[in-house]
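# Observations on chain architecture
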Amino acid sequence: MGIEIETKYGGTGASFFSSILVIEELAKVDASVALVCDIQNTVINNLMRKYGTEEQKATYLTKLTTEKVGSICLSEAGAGSDLFALKTRADKKGNYYVINGSKMWISNAEYAGLFLVMVNVNPDLGYKGLTCFVVDRDTEGLHIGKSEKKMGIRASSTCALTFENVKVPESNILGQIGHGYKHAIGILNEGRIGIAAQMLGLAQGCFDYTVPYMKERMQFGKRIFDFQGLQHQVAHVATQLEAARLLTYNTARLLETGKPIIKEASMAKYYAAEVAGLTTSKCIEWMGGVGYTKDYPVEKYFRDAKIGTIYEGTSNIQLNTIAKCVDAEY
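We now turn to the structure provided with this report.

Criteria and thresholds
Residues numbered from 1 in each chain as written. Predicted model: local features only at pLDDT ≥ 70, side-chain atom pairs only at ≥ 80, totals over all residues. Heavy atoms only, no water. Helix = DSSP H or I, 4+ residues; strand = E, 2+ residues; numbered from the N terminus. Rg over C-alpha atoms; globule rule 2.2 N^0.38 Å. Buried < 20%, exposed > 50% of the residue type's maximum accessible area, 1.4 Å probe, protein only. Contact = heavy atoms within 4.5 Å. Lys, Arg positive; Asp, Glu negative; His and termini not counted. Charge placed at Lys NZ, Arg CZ, Asp CG, Glu CD. Patch = residues over 30% accessible without salt bridge, like charges linked within 9 Å, V, L, I, M, F, W, Y side chains within 5 Å. Areas by Shrake-Rupley, 256 points an atom, 1.4 Å probe, with all protein chains shown as cover. Salt bridge = Lys/Arg side-chain N within 4 Å of Asp/Glu carboxyl O. Axes fitted to C-alpha atoms, helices over the stretch in contact; angles between N-to-C directions. Parallel < 35°, antiparallel > 145°, perpendicular 65-115°, else oblique. Left-handed = near helix turned anticlockwise from the far one by under 90°. Nonpolar A, V, L, I, M, F, W, Y, C, P; charged D, E, K, R; others polar. Expected span 1.5 Å × (residues − 1). Bend = angle between axes of the 7 residues up to and from the residue. Polar contact = N/O pair within 3.5 Å; in protein donor to acceptor, adjacent residues only side chain to side chain. 1 Å grid on protein atoms, 1.4 Å probe; cavity = no way out; pocket = protein on both sides within 12 Å on 5 of 7 lines; lining within 4 Å. Points joined across faces, edges and corners; volume = space filled by probe spheres on them. Disulfide = S-S within 2.5 Å. Phe/Tyr/Trp six-rings, centres within 6.5 Å; stacked < 30°, edge-to-face > 60°.

### Digging into the overall build of the protein chain
For the protein chain, the helix and strand inventory stands at eight helices and 10 strands. Since a compact globule built from 330 residues should have a radius of gyration of about 20 Å, the 21 Å found for the protein chain is in line with a globular shape. Here the protein chain holds 330 residues, and 52% of them are scored as buried. A sequence separation of at least 24 residues applies to 72% of the contacts in the protein chain between residues at least 6 apart. One finds the centroid of the 36 positive side-chain charges in the protein chain at a distance of 2 Å from the centroid of its 35 negative side-chain charges.

And the structure:
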């Protein structure tokens, strides 16, 4: 839970690339567990490490490595892909702020002990009023809704949050007032690499389960893996998996060297999500009727994969970002 957090706060002091490898490996078994790890390490911990004061780091990083799960609150009913349209606001009252509004589709909300909440402290300034606040779970006025009944990643909670006159001290501002949009954009770019790793691991796990079955299943007197038509499909998927892996790993390495990753992160997230959808669908087909039943895990991989094209920026948003980057390069 504290892969990159410095050892003085109880973390392992490892690299961002280490986080990506852990997320990938966890997703081979369960994408929901991988998501908890992803959000905690690539988003929550890194936001606190980059923008937290020394007092905030000492208070929260030590807990995030041992006892508290974090959750980031961005999306609202009218602010999904259009992040800057959020309406939740914080009004200054002396040395504290009062937050009112609601959030939707908040991952980890059911069991999170700490929320990083993006609100607007000055709606007249538009997105330049966006500011991030640290809100503890037991803060009065914070209400957590029921967990959504989702198609996939069902072990990961997704809830709505309501803020009714939630008082938070001024010292709970994370980073600078009005810089929330910069923090959000920056950390989402990193988070997209984590989602790419999640989708990659999920797809690889499904592939690793299915191929041995194809080598055992006999039809017409030989293994179904021996039919050339299926071999070509397997080769196609295996190549795409490796391409997704290289995109994801390369983007993580670029980040660690301090180079721009906006285009590369979008490419990795977009492509890995597409590959996960294709891989899991093909695996169901390769396994035939049993692949369509809950007695085997491939249908779960299939359901879990779909979210990759939706959260942390839909596939269309990724394509928009890639196109803008290409336009700027020429």
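### A short note on a nonpolar patch on the surface
Taken together, the side chains of V22, L26 and V33 present a nonpolar region at the surface, about 200 Å² in accessible area. Structurally, the position occupied by V33 is in helix α2 (residues 31–51). You can call V33 partly exposed: its relative accessible area is 45%.

### What to know about the packing of helix α1 (residues 16–27) against helix α5 (residues 228–256)
Closest axis-to-axis distance for the α1/α5 pair is 9 Å, and the angle between their directions is 155°. The orientation of α1 relative to α5 falls into the category roughly antiparallel. For the pair α1 and α5, the crossing hand works out as right-handed. Here F16, F17, I20, L21 and E24 of α1 lie close against α5, whose contacting residues are R245, T248, Y249, A252, R253, L255 and E256. For the contact of α1 with α5, a count of residues per class yields seven nonpolar, one polar and four charged.

### Examining α2
Taking 1.5 Å as the rise per residue, α2 with 21 residues should run 30 Å; its terminal C-alpha atoms sit 28 Å apart, in good agreement. Of all the bends in α2, the greatest, near 30°, is centred on Q40. The opening residue of α2, the one whose side-chain oxygen lies 3.0 Å from the backbone nitrogen of S32, is D30.

### Here's the deal with the layout of surface pockets
Taken as a whole, the largest pocket spans an internal volume of roughly 1300 Å³. Along the wall of the largest pocket there are 40 residues; nearest its centre are G80, I310, Y311, E312 and G313. Of all the secondary-structure elements, those providing two or more residues to the lining of the largest pocket are α2, β3 (96–107), α4 (180–216) and α8 (315–329). Within the lining of the largest pocket, the residues separate by chemical class into 21 nonpolar, 11 polar and eight charged.

### Notes on unusual backbone geometry
The phi dihedral of F220 is positive, around 55°, even though this residue is not glycine. Tracing the backbone shows F220 in the loop between β9 (218–219) and β10 (222–223). Note on F220: relative accessible area 78%, which makes it exposed.

### A look at the environment of H236
Relative to the elements of secondary structure, H236 occurs in helix α5. Judged by relative accessible area, H236 falls into the partly exposed class, the value being 46%. Residues H236 and F220, 16 residues apart in the sequence, show an inter-C-alpha distance of 24 Å.

### Some points on the pattern of salt bridges
What the rule picks out here adds up to 18 salt bridges. The residue K103 makes a salt bridge to E76 at a minimum N-O spacing of 2.9 Å. In this pair, K103 sits in strand β3 while E76 sits in the loop between β1 (70–73) and β2 (89–93), placing the two residues 27 residues apart along the sequence. Given the relative accessible area of 0%, K103 is considered buried. For the salt bridge of K92 with E170, the shortest nitrogen-to-oxygen distance reads 3.6 Å.

### Comments concerning the state of the cysteines
All chains considered together, the criterion is met by zero disulfides. With no disulfide of its own, C159 lies 10 Å from the sulfur of C73, the closest cysteine sulfur. In this structure C283 is not part of a disulfide, and its nearest cysteine sulfur, from C206, lies 3.7 Å away.

### So, the packing of aromatic side chains
For the structure shown, the criterion picks out eight aromatic pairs. Note on F17 and Y249: the rings are 5.1 Å apart at their centroids and 70° apart in plane angle, and the pair reads as edge-to-face. In this pair, F17 is assigned in helix α1 and Y249 in helix α5, connecting sequence segments 232 residues apart. We note that F17, like Y249, is buried. Each ring, one from F220 and one from F227, has its centre 6.4 Å from the other, and the planes form 80°; the classification is edge-to-face.

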